[in-house]
Amino acid sequence: MAMVSIKDVAAHAGVSPGTVSNVLNRPGKVAPATRERVEAAISELGFVRHGSASTLRAGHSRTIGLSVIDIGNPFFTEVAAGVEDVASQLGYAVILGNSAGSQDKEDRNLRVLAEHRVRGVLITPSGEDPARLERLREHGISVVLVDHPAHRPDQCAVAVDDVGGGRAAVAHLLGRGATGIAYVTGPLTIRQCVERQEGARAAMRAAGLDPAGLRVIEAMTMTARAGEKAAADLIAGGLPESVFCANDLLALGVLRALLRAGVRVPEDVALIGYDDIDFAAASTVSLSSMRQPTYQLGRIATELLLDECDNPETHAHQHIMFQPELVARESTQ
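A quick note: this is a predicted structure, and the numbers were derived from the prediction, not measured.

The rules we used
- Residues numbered from 1 in each chain as written.
- Predicted model: local features only at pLDDT ≥ 70, side-chain atom pairs only at ≥ 80, totals over all residues.
- Heavy atoms only, no water.
- Pairing = 2+ DSSP bridges.
- Helix = DSSP H or I, 4+ residues; strand = E, 2+ residues; numbered from the N terminus.
- Axes fitted to C-alpha atoms, helices over the stretch in contact; angles between N-to-C directions.
- Contact = heavy atoms within 4.5 Å.
- Disulfide = S-S within 2.5 Å.
- Buried < 20%, exposed > 50% of the residue type's maximum accessible area, 1.4 Å probe, protein only.
- Expected span 1.5 Å × (residues − 1).
- Arc of directions from axis to C-beta.
- Phe/Tyr/Trp six-rings, centres within 6.5 Å; stacked < 30°, edge-to-face > 60°.
- Lys NZ or Arg CZ within 6 Å of the ring centre and 35° of its normal.
- Core = buried A, V, L, I, M, F, W, Y, C linked by side-chain atoms within 4.5 Å.
- Right-handed = clockwise from strand over helix to strand, strands pointing away.

Caption draft 1: Layout of the sheet that holds strand β6 (residues 181-185). Spatial ordering of the open sheet is given by β7-β6-β8-β9-β10-β12, a layout of six strands whose pairing is mixed. Looking along the sheet, the strands with just one partner apiece sit at the ends: β7 (215-218) and β12 (325-327). Going from strand to strand, the sheet's axes swing by 20° on average, the running direction of each strand aside. Examined bridge by bridge, strand β8 (residues 242-245) and strand β9 (residues 270-275) share three bridges and lie parallel to one another. Across the sheet, residue F244 finds its bridge partner in β9, namely I272. This element, helix α11 (residues 248-260), spans β6, β8, β9 and β10 (288-291) of the sheet and lies at about 155° to β9.

Caption draft 2: Summary view of the state of the cysteines. Scanning the entire structure with this criterion turns up zero disulfides. C156 takes part in no disulfide bond, and the closest cysteine sulfur to it belongs to C309, at a distance of 10 Å. Overall, C156 belongs to the buried group, its relative accessible area being 0%. Given the relative accessible area of 10%, C309 is considered buried.

Caption draft 3: Helix α5 (residues 74-89), seen in detail. In a regular helix each residue adds 1.5 Å, so 16 residues correspond to 22 Å; α5 covers 23 Å between its end C-alpha atoms and thus fits that length. Looking at α5, one finds that the buried residues are F75, F76, V79, A80, G82, V83, V86 and A87. Along α5, the residues classed as buried sweep out an arc of 160° about the axis, all on the same side. Where the residues of α5 are buried, they touch β1 (63-68), β2 (93-98), β3 (120-123), β4 (142-146), β9 and α13 (294-310). Taken from the residues just after α5, G91 is the one with a positive phi, measuring 80°.

Caption draft 4: Focus on the packing of aromatic side chains. Enumeration over the complete set of coordinates arrives at three aromatic pairs. Geometrically, the ring pair formed by F244 and Y274 is tilted, given 6.4 Å between the ring centres and 45° between the ring planes. Of this pair, F244 sits in strand β8 while Y274 sits in strand β9, and the two are 30 residues apart along the sequence. In this structure, F244 and Y274 share a single accessibility class: buried. Members of the aromatic cluster, joined through ring pairs, are Y183, F244 and Y274. In this structure, R62 is placed above the aromatic ring of Y92, and the distance from its NZ or CZ to the ring centre is 4.0 Å. Note that R196 overlies the ring of Y274, its terminal NZ or CZ placed 3.8 Å from the centroid.

Caption draft 5: Inspection of the nonpolar core at higher detail. Ranked by size, the top nonpolar core spans 45 residues in total, and within it F244 and L271 carry the most contacts. Breaking this core down by element, the ones donating at least two residues are α8 (162-175), β6, α9 (191-206), α10 (224-236), β8, α11 and β9. No other element matches α11, which puts eight residues into this core. Once residues lying within four places of it in the same chain are set aside, the contact partners of F244 are G166, A169, V170, L173, A182, Y183, V184, R196, A200, I272, G273 and Y274. Within the second largest apolar cluster, 24 residues are counted, among which are V79, V146, V158 and I300.

Caption draft 6: Representation of helix α1 (residues 6-13) in the model. Every buried residue of α1 is accounted for by V9, A10 and A13. One side of α1 carries all its buried residues, which in axial view fall inside an arc of 100°. Facing away from the buried side of α1 by more than 90 degrees, the exposed set consists of K7 and A11. In the core, the buried residues of α1 are packed alongside α2 (17-25) and α3 (32-45). G14 sits one or two positions beyond α1 and adopts a positive phi of about 75°.

Caption draft 7: Structural context of the pairing of β4. Of all the five residues making up β4, five are buried; the element is thus mostly covered by neighbouring parts of the structure. Alternating residues of β4 divide into S142, V144 and V146 and V143 and L145, and every residue in both groups is buried. Sheet topology note: the β3/β4 ladder contains four bridges and is parallel. Within β4, the position partnered with I123 by the bridge is L145. Note on the crossover from β3 through helix α7 (residues 130-138) to β4: the handedness is right-handed. Two elements, β4 and strand β5 (residues 156-160), share three bridges in a ladder whose sense is parallel. Along β5, the bridge assignment pairs V146 with V158.

The structure is reproduced here in structure tokens:
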């Protein structure tokens with residue numbers, strides 16, 4: 001059977017080949033009724049575009065890259081959902097890369113994305129080396145930072161105020177009368193962990209407490225298993241009145257280990273996490289947490305990226321900073 005061509009689709013839909021091309025490559029420029037007619041013709045005829053040929057002609061593909069630190073973390077899963085929804089609506093596919101916090105792996109992923117001639121890259125960087133991202137821009141690949149602030153005016157970024165989030169979390173614990181507070185964190189090479197710690201110390205300082213009194217337990221990963229191990233260290237060193245965890249997975253691991261050891265939450269130890277993943281509300285003792293607009297992070301970052309890709313002459317770079325929201329549940333009540 002002969003391959004269906006763009007001309008065949010155009011004839012079937014009663015439009016020009018140029019209109020079919022716009023539906024495939026720039027769907028936002030086609031009236032909705034016309035786009036639906038062309039899409040119906042594509043479906044009825046079984047048309048499949050020659051992706052590699054169109055990529056070579058345009059110099060890029062209808063794909064974008066998404067590089068995250070830990071796809072196993074529900075936070076990034078929700079971000080990815082927001083990215084994919086917008087990309088799909090605008091006719092783009094998403095290539096996902098998981099750096100697992102390794103700059104070497106992230107570099108390899110970015111090279112693969114460049115080889116695929118992606119239009120742009122959304123990235124939560126695992127390090128603070130801007131030269132790696134600048135190399136993508138030199139190749140004509142737009143870059144938007146996700147859950148990370150920009151340090152230059154000609155770069156879009158969508159982030160959350162992690163210092164403010166850490167401050168609010170610990171202020172909530174201090175409001176219960178606690179003075180002894182532990183901070184269970186992931187690697188302090190991760191910007192978010194460092195800034196949440198800064199916020200925690202700022203809250204203690206504001207309450208007239210010595211911020212050096214914050215007891216810090218650093219885990220090598222931000223997982224529930226790492227949280228359980230951290231809880232063992234907390235118990236061995238003497239339980240504090242309250243525990244702030246840098247994400248909900250750590251907090252859920254701490255909670256599980258404390259309950260297993262017969263420690264009552266919140267009567268003996270109050271506990272708060274960060275991200276407000278779905279599991280937080282469903283845990284045995286519902287977990288207080290700092291809620292982040294994860295889905296919105298992905299949506300807005302993708303909208304900014306594709307606007308920069310498709311409208312470079314009129315695109316205005318934006319630095320968007322969300323504020324996290326305290327969600328108080330049983331673990332601190």
